[in-house]
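# Tertiary structure, described
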Amino acid sequence: MKKFTLHLDAAIVIALVVALSLGMNAFQYFQVKSLTEENARLQFQGIADKLNLDSQQSFIDRQNAKIEQLEAAVSSAQAAD
């Protein structure tokens, strides 16, 4: 029966690989977490921006309708004279 032996340098390499792997996983986790939060914030900001643009476009359309009504009233008043 053969005896299993683990050399000190092999144990150190295994410990380093495990530690580096855990460190890399933690680093990637925090990157993904921050990017996910930023993505959610940007999506909410995009929704707010779209609502603001729609509101402004509605206001512009109402103002254009008023201008057209005033121009029609002025042209009909000039035609009556």
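Scroll up to find the structure.
These remarks concern the structure in this document.

The rules behind these values
Residues numbered from 1 in each chain as written. Predicted model: local features only at pLDDT ≥ 70, side-chain atom pairs only at ≥ 80, totals over all residues. Heavy atoms only, no water. Helix = DSSP H or I, 4+ residues; strand = E, 2+ residues; numbered from the N terminus. Rg over C-alpha atoms; globule rule 2.2 N^0.38 Å. Buried < 20%, exposed > 50% of the residue type's maximum accessible area, 1.4 Å probe, protein only. Salt bridge = Lys/Arg side-chain N within 4 Å of Asp/Glu carboxyl O. Phe/Tyr/Trp six-rings, centres within 6.5 Å; stacked < 30°, edge-to-face > 60°. Patch = residues over 30% accessible without salt bridge, like charges linked within 9 Å, V, L, I, M, F, W, Y side chains within 5 Å. Areas by Shrake-Rupley, 256 points an atom, 1.4 Å probe, with all protein chains shown as cover.

This part covers the overall build of the chain. Across its full length, the chain holds 1 helix and 0 strands. For a compact globule of 81 residues, the expected C-alpha radius of gyration is about 12 Å, and the chain comes in at 35 Å, more than 25% above that figure. The principal-axis extent of the C-alpha atoms belonging to the chain is close to 120 × 20 × 10 Å. Taking all 81 residues of the chain together, the buried fraction comes to 0%.

As enumerated under the stated definition, the model contains 1 salt bridge in all. Two residues, Lys50 and Asp54, come together in a salt bridge whose shortest N-O distance is 3.4 Å. Taken together, the residues span about one helical turn, with Lys50 and Asp54 both in helix α1 (residues 8-80) at a distance of 4 residues. The class for Asp54 is partly exposed, based on a relative accessible area of 41%.

Right, let's get into the packing of aromatic side chains. Scanning all chains against the criterion turns up 1 aromatic pair. Arranged with centres 5.4 Å apart and planes meeting at 70°, the rings of Tyr29 and Phe30 form a pair that is edge-to-face.

Another point: a nonpolar patch on the surface. A cluster of nonpolar side chains, namely Phe4, Leu6, Ile14, Val18 and Leu22, defines an oily patch on the protein surface of about 560 Å² accessible area. Within the secondary structure, Phe4 sits in the segment before α1. Accessibility expressed as a relative area gives 72% for Phe4, which makes it exposed.

Let us look at the environment of Leu22. Locating Leu22 in the fold gives a position in helix α1. The spacing of Leu22 and Ser76 is 54 residues in sequence and 80 Å in space, taken between C-alpha atoms.

So, to be careful, I would describe these as geometric facts and stop short of saying anything about function.
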